[in-house]
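# Structure at a glance
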Amino acid sequence: MAAAIASQDIEELSQNGVEREDLQFEGASQVYVDLDFLPPGVKVPFPDISSTYHTPIPRAIKPGDPCILGVDEAGRGPVLGAMVYALSYCLKSYAEKLPSFGFADSKQLTHAIRMSLFTRICNDGQSSDDSELFENIGWATRIMTARDISSGMLRSQTGRVYNLNEQAHDATITLINEVLAMGVNVTEIYVDTVGPPASYQAKLSTYFPSIKVIVTKKADSLFPIVSVASICAKVTRDISLMCRDESDGRWGSGYPSDGKTTKWLKDALDPVFGWSGVVRFSWQTSKDLLEKNEGAVKVDWNDQDSADIRQSAMQSSGYWIGKLVTSEF
């Protein structure tokens, strides 16, 4: 089986605002994390239900103080595991200090550096640097599980598919609204784009008309507050994947372009149910594996009253593996 992303996945994800370089696995991105550090918001055992975590407002931020906020994500391209949306915020006057701690384009940072920065944000530690970051930076994550992502992409909502862009937009808007509801005076928002930047910026501006909103590509390389959010998202994504690795480390990074991942997908395919909830059944990579399996047969749904269930099930896999040819609800 070729270790490459299905062309349909590349086309769909590119249309949904994923850069092509973000779709390809790089060996250096495959990490085996130290679970002695568990990010706030990550639970063990890892659930199939999406969840949100917010830090308390940092002590340095007082009511009414103008704050700057950044949003980024991790895990749009993988066929395995969660997609994590994250935001971070701090005093507008403090944002200029962020580069001095090493916050930069997260793709250019090693996993060890990302882990170090994230733990310093999370821990009210012994060093002055740890205490300073903890007291000045607030953040939040939305862990969107593979099961929920696929459920949204494979069902209709008000007559249309709830696609990856809409799920991403809703996660961003909800996270920002929750920070505002906490009483944080956000005056500027910077977002790494999902889809065309201009239309996304216009959309966010209608939701937050009194706040300056900037949406652009590669925002984490342009705005340090987005870099902070990107690190929160990437570390949370890495650890969440390891927390539910049911393959003893054999499934790799979770990207379809990672040969280790594609081998695990093929080897772990259940004769009836396919895979566990860690796999995104809505990805073409998953569908292709089911369709090309020699034991796959089409399911003939006979009950006309089960149209919605039938459509969802057929989209979810389209195939059962084994002897079953027909089924009725």
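None of these values were measured; they are calculated from a predicted model. (Residues numbered from 1 in each chain as written. Predicted model: local features only at pLDDT ≥ 70, side-chain atom pairs only at ≥ 80, totals over all residues. Heavy atoms only, no water.)

Applying the stated criterion across every chain, the model contains four aromatic pairs. Through successive ring pairs, a cluster of aromatic residues spans Y53, F118 and W139. (Phe/Tyr/Trp six-rings, centres within 6.5 Å; stacked < 30°, edge-to-face > 60°.)

The next point concerns the sheet that holds strand 8 (residues 212–216). What the six strands build is an open sheet, ordered 1-4-3-2-7-8; its pairing is mixed. Only two strands of the sheet have a single partner each, and these edge strands are strand 1 (51–54) and strand 8. Ignoring which end each strand starts from, the neighbouring axes of this sheet average 15° apart. As judged from the four bridges shared by strand 1 and strand 4 (residues 138–144), these two strands associate in the antiparallel manner. What sits directly across from Y53, in strand 4, is T141. Contacting strand 7 (185–192) and strand 8, helix 7 (residues 197–207) crosses the sheet at an angle of about 155° to strand 8. (Pairing = 2+ DSSP bridges. Helix = DSSP H or I, 4+ residues; strand = E, 2+ residues; numbered from the N terminus. Axes fitted to C-alpha atoms, helices over the stretch in contact; angles between N-to-C directions. Contact = heavy atoms within 4.5 Å.)

Okay, the pattern of salt bridges next. With the rule as written, the count across this model stands at five salt bridges. A salt bridge links K97 to E132; the shortest N-O distance between them is 2.7 Å. Highlighted residues: K97 in the loop between strand 3 (83–91) and helix 3 (111–122) and E132 in helix 4 (residues 128–136), separated in sequence by 35 residues. Judged by relative accessible area, E132 falls into the partly exposed class, the value being 21%. D267 is the salt-bridge partner of K263, the closest N and O atoms lying 2.6 Å from each other. Taken together, the positions of K263 and D267, both in helix 10 (residues 259–267) and four residues apart, correspond to about one turn of that helix. Assessed through its relative accessible area of 53%, K263 is described here as exposed. When its relative accessible area of 48% is taken as the criterion, D267 is described as partly exposed. (Salt bridge = Lys/Arg side-chain N within 4 Å of Asp/Glu carboxyl O. Buried < 20%, exposed > 50% of the residue type's maximum accessible area, 1.4 Å probe, protein only.)

Inspection of the entire model under this criterion finds zero disulfides. Looking at the unpaired C122, the closest cysteine sulfur is the one in C232, lying at 6.7 Å. (Disulfide = S-S within 2.5 Å.)

With a phi angle near 55°, K218 is a residue other than glycine that sits in the positive phi range. Checked against the element boundaries, K218 lands in the loop between strand 8 and helix 8 (219–222).

UniProt feature "binding site: a divalent metal cation" (unreviewed entry): in the numbering of this structure it lies at D72, E73 and D192. Maximum C-alpha separation among the annotated residues is 8.0 Å over a sequence range of 121 residues, consistent with a single clustered spot. Discounting chain neighbours no more than four positions away, the residues touching E73 are V84, Y85 and A233. Those residues in contact with D192 that sit more than four places away from it in its chain are V71, D72, Y200, T216, K217, K218, A219 and D220. (UniProt positions renumbered as here; feature names shortened; annotations may be inferred.)

The next point concerns the packing of helix 6 (residues 164–181) against helix 7. Where helix 6 meets helix 7, the closest approach of the two axes is 11 Å, and the angle between their N-to-C directions is 35°. The chirality of how helix 6 crosses helix 7 is right-handed. Residue-level contacts link A168, H169, T172 and I173 of helix 6 to Y200, K203, L204 and Y207 of helix 7. (Left-handed = near helix turned anticlockwise from the far one by under 90°.)

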